[in-house]
Amino acid sequence: MSISRQDEERVLNLVPKQIYVAGEWRASADGSTFPVIDPATGLVLAEVASAAVADGDAALTSAHQHQEAWGRTAPRVRAEILRRAFEKVTEMADDFALLMSLEMGKPVAEARGEVAYGAEFLRWFSEQTAHVTGRYSPAPDGKMRIMVNKRPVGPSLFITPWNFPLAMATRKIGAAIAAGCTMIIKPAALTPLTTLLLAKVLEEVGLPKGVLNVIQTERSGAVTGPIIKDSRLRKLSFTGSTGVGRRLIADSAEQVLRVSMELGGNAPFIVFADANLDKAVDGAILAKLRNMGEACTAANRMIVHESVADEFSRKLADRMAALKVARGTEDGANIGPIIDAKSRDSIHELVEDAVSKGARLLTGGSIPTGDGFFYPPTVLASVPKDARILSEEIFGPVAPIVTFKTEDEAISLANNTEYGLVAYAFTKDLNRGLRLGERLEVGMFGLNTGIVSNPAAPFGGVKASGLGREGGVEGIEEYLETVYVGIADPFED
Ligand code: NAD
């Protein structure tokens, strides 16, 4: 189904362009705005309000004022709001998909996948809401009782990236609503429109005023800095680069904030000699090219057994060369534009560095002429160990391939990074798969699959990839405090 200019305008018109504070849609305190750009054309899609420092303060005041009542709202009521939000986002799947494709660039068909995934967090956390429990037990010496309760951690600040505009918002907002926390979200300035439409949906399905506040801004540090240092805030959940995450952890130390950090990745994708190579190539396409490679979970390093490296490389290069690079709204588009010129140029620099050090280019590798920030699917074979592309997050559709001889060598190559978000491996040997699961230094491991994300599973990393988990039964815990009440022996008067 082809998408017309009118479809695009209709969807853009659904989105509020203001900030959302204390249940009111309004201009920013100083009236400033910023443009949201279509990465496929470089043209302005919309102009949105840019929150000022005073708006950040107003958002925190609202979150703080509404915390007590919201925390006491019956779990079932909160669950029903999430359930209705899931239904509404699902009904509006085509609109959300088109909007994400316009502001972020991913093909509409792929964006529909993100809508399903993102909406699923609302349903998952709706189901979790009524299942928060505590416990009551005698102390070992029998002289007192131990009661343990869960309580919402309190007003929370969310800072989200541009690459999954819906899912990055719902996995935080869903968990916070389920736990009874009020919140402020600052979406990435590159893609604020999806979060704004989501906030409108949540308002329409009955989320009380002031529980969710949205403060998109071009002045991220200046606006969120004072919020992080304000004692009314109790929690910071950040998804983004490791560099910014490190700074935010340091800032959070001042008032010992609870933090969740979903940071960068450098995923190894290991192919053993006994793997089904066609399945491994399918998995590699998924793990490498989902979101044009602009994913923290993207396979960054293809680590392939030397006996199958040539065949795997050829098959992967053939598949990648056949993909259609086009604006996400075009029929049959497989690979949309990179988010902006700067990101596209840094991907190209990594490719040039590898080639200058001796890597072989099997497909792609040059910036196309014309509008937008496109980069072709690229495969590099025989990548030398000192190439920057093996140690830096690529965030683009480029697959560098290196070879190994033994399982130990594959594991050591895989672990040779400061990151530890996810790893993938293809092998028919289940014992080997289980050994890898115990030895790879990651928070998530995909065995014979190129995709691990699932709202019912705990998403997150170790090492410089972050702290905490989102989704799964663990996700809600990030928004709960454990409170112990010691009670005198009720049989002693
Ligand atoms: P980024 O760190 O540049 O920005 C993330 C968010 O932080 C944006 O909203 C940005 O405006 C804001 N920000 C930037 N500087 C800030 C500051 N000084 N103070 C407060 N906020 C600030 O990252 P990005 O380019 O938007 O996203 C890509 C990165 O995100 C990649 O490294 C990717 O791996 C990571 N990521 C991780 C996960 C995960 O779950 N682990 C998921 C998606 C993306």
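Because the structure is predicted, anything quoted here is derived from the model rather than measured.

J.: When you look at unusual backbone geometry in this model, what are you seeing that I'm missing?
T.: One non-glycine residue, Val 256, lies in the positive phi region at around 45°. Summarising the element assignment, Val 256 is placed in the loop between helix H9 (242-253) and strand E11 (258-262). Val 256 gets classed as exposed once you look at its relative accessible area, which sits at 64%. Although it is not a glycine, Lys 463 sits at a positive phi angle of roughly 50°.

J.: Teacher, can you tell me more about the site of the ligand here?
T.: In the vicinity of the ligand, 29 residues are found, and the nearest of them are Thr 160, Arg 171, Ser 241, Leu 263 and Glu 393. Ser 220 places a side-chain nitrogen or oxygen 3.0 Å from an oxygen atom of the ligand. Interatomic distance of 3.3 Å between a backbone N/O atom of Gly 240 and an oxygen atom of the ligand. Considering the ligand on its own, with 850 Å² of exposed area, one finds that the protein chains cover 85% of that surface. When each cavity is represented as a set of grid points, the ligand is found to reside in the largest pocket.

J.: Where do I start with the UniProt feature "active site" (unreviewed entry) in the chain in this structure?
T.: Mapped onto the present numbering, the UniProt feature "active site" (unreviewed entry) falls at Glu 262. Considering the arrangement of structural elements, one finds Glu 262 in strand E11. Judged by relative accessible area, which is 4%, Glu 262 ranks as buried. Once residues within four sequence positions are removed from consideration, Glu 262 is found in contact with Arg 171, Phe 238, Thr 239, Gly 240, Leu 421, Phe 459, Gly 460, Gly 461, Ser 465, Gly 468, Arg 469 and Glu 470.

J.: Mind showing me how you'd approach the sheet that holds strand E13 (residues 299-305) here?
T.: Think of a sheet as strands paired side by side through backbone hydrogen bonds, with each pair either parallel or antiparallel. If you walk across this open sheet you meet the seven strands as E14-E15-E16-E13-E12-E17-E18, and the pairing is mixed. Here the strands that pair on one side only, and so sit at the sheet edges, are strand E14 (360-363) and strand E18 (444-447). Recorded for the sheet is a direction-independent mean angle of 25° between the axes of neighbouring strands. Against the sheet, helix H11 (residues 309-321) makes contact with strand E12 (267-271), E13, E14, strand E15 (378-381) and strand E16 (398-404), and its axis sits at roughly 175° relative to E16, the strand it touches most.

J.: Any chance you could explain the side chain of Ser 156 here in plain terms?
T.: Mapped onto the elements, Ser 156 comes out in strand E7 (residues 156-159). Discounting chain neighbours no more than four positions away, the residues touching Ser 156 are Cys 181, Thr 182, Met 183, Ile 184, Leu 233, Lys 235 and Tyr 479.

J.: Mind showing me how you'd approach the nonpolar core here?
T.: One broad trend across soluble globular proteins is that nonpolar side chains are buried collectively. Core analysis: the biggest nonpolar cluster contains 128 residues, and Ile 173, Phe 269, Phe 312, Leu 316 and Ile 389 have the highest contact counts within it. Excluding residues within four positions of it along the chain, Phe 312 makes contact with Phe 269, Val 271, Leu 277, Ala 280, Val 281, Ala 284, Met 302, Val 304 and Ile 401. In this structure, Ala 63, Ile 227, Ile 228 and Leu 248 belong to the second largest nonpolar core, which totals 21 residues.

J.: Looking at this structure, how should I read the side chain of Asp 55?
T.: Along the polypeptide, Asp 55 turns up in helix H2 (residues 53-72). Discounting chain neighbours no more than four positions away, the residues touching Asp 55 are Ile 19, Val 21, Arg 26, Ser 28, Ala 29 and Ile 215.

J.: It is not clear to me how the layout of surface pockets should be interpreted in this structure. Could you clarify?
T.: It is the rolling of a water-molecule-sized probe over the atoms that shows where space remains empty. In this structure, the largest pocket spans a volume of roughly 1100 Å³. Looking at the largest pocket, it is lined by 42 residues, and the ones nearest its centre are Pro 161, Trp 162, Gly 240, Ser 241 and Val 244. In terms of residue class, the lining of the largest pocket is built from 18 nonpolar, 14 polar and ten charged. Considered as a void within the structure, the second largest pocket measures approximately 360 Å³ in volume. Elements represented by at least two residues in the lining of the second largest pocket include exactly E13, H11 and E16.

Calculation criteria
The residue count restarts for each chain, going from 1 along the sequence in the order it is written. With pLDDT at 70 or above as the cut-off, local features in this predicted model cover only qualifying residues; side-chain atom pairs require 80 or more to be listed or tallied, and sums for whole chains, interfaces and linings still use all residues. Here the side-chain values reflect all heavy atoms present in the structure, with hydrogen atoms and water set aside. By the criteria applied, helices consist of DSSP H or I runs no shorter than four residues and strands consist of E runs no shorter than two, each listed in order from the N terminus. Each residue is placed in one exposure class: buried if its accessible area under a 1.4 Å probe, protein chains only, is under 20% of its type's maximum, exposed if it is over 50%, and partly exposed if it falls in between. Any residue with a heavy atom lying within 4 Å of a molecule or strand is counted as near it. N or O atoms within 3.5 Å of each other form a polar contact, as long as, within protein, one can give a hydrogen and the other can take it, and as long as residues adjacent in sequence are counted only when both atoms are side-chain atoms. Computed with a 1.4 Å probe, the accessible areas rest on the Shrake-Rupley method; for each residue, only the protein chains presented here act as cover. Within this scheme a cavity is a closed region of a 1 Å grid, computed over the protein atoms alone, that accommodates a 1.4 Å probe without allowing it to escape, whereas a pocket is open but has protein on both sides within 12 Å along at least five of seven lines; lining residues each have an atom within 4 Å of a point. Throughout, a molecule is located in a cavity or pocket provided that more than half of its atoms lie within 2 Å of its grid points. UniProt positions are given in the numbering used here, feature names are shortened, and annotations may be inferred rather than shown by experiment. A contact between two residues is defined here by any heavy atoms of the two lying within 4.5 Å. When DSSP finds two or more bridges between a pair of strands, those strands are recorded as paired. For helices, the fitted axis covers only the stretch in contact; all axes are lines through C-alpha atoms, and the angles between them, taken along N-to-C directions, range from 0 to 180 degrees. Residue types Ala, Val, Leu, Ile, Met, Phe, Trp, Tyr and Cys, when buried and joined through side-chain atoms within 4.5 Å, form a set referred to as a nonpolar core. Grid points are joined across faces, edges and corners, and a volume is the space filled by probe spheres set on the points. Here the term charged refers only to Asp, Glu, Lys and Arg, the term nonpolar to Ala, Val, Leu, Ile, Met, Phe, Trp, Tyr, Cys and Pro, and the term polar to all other amino acids, Gly among them.

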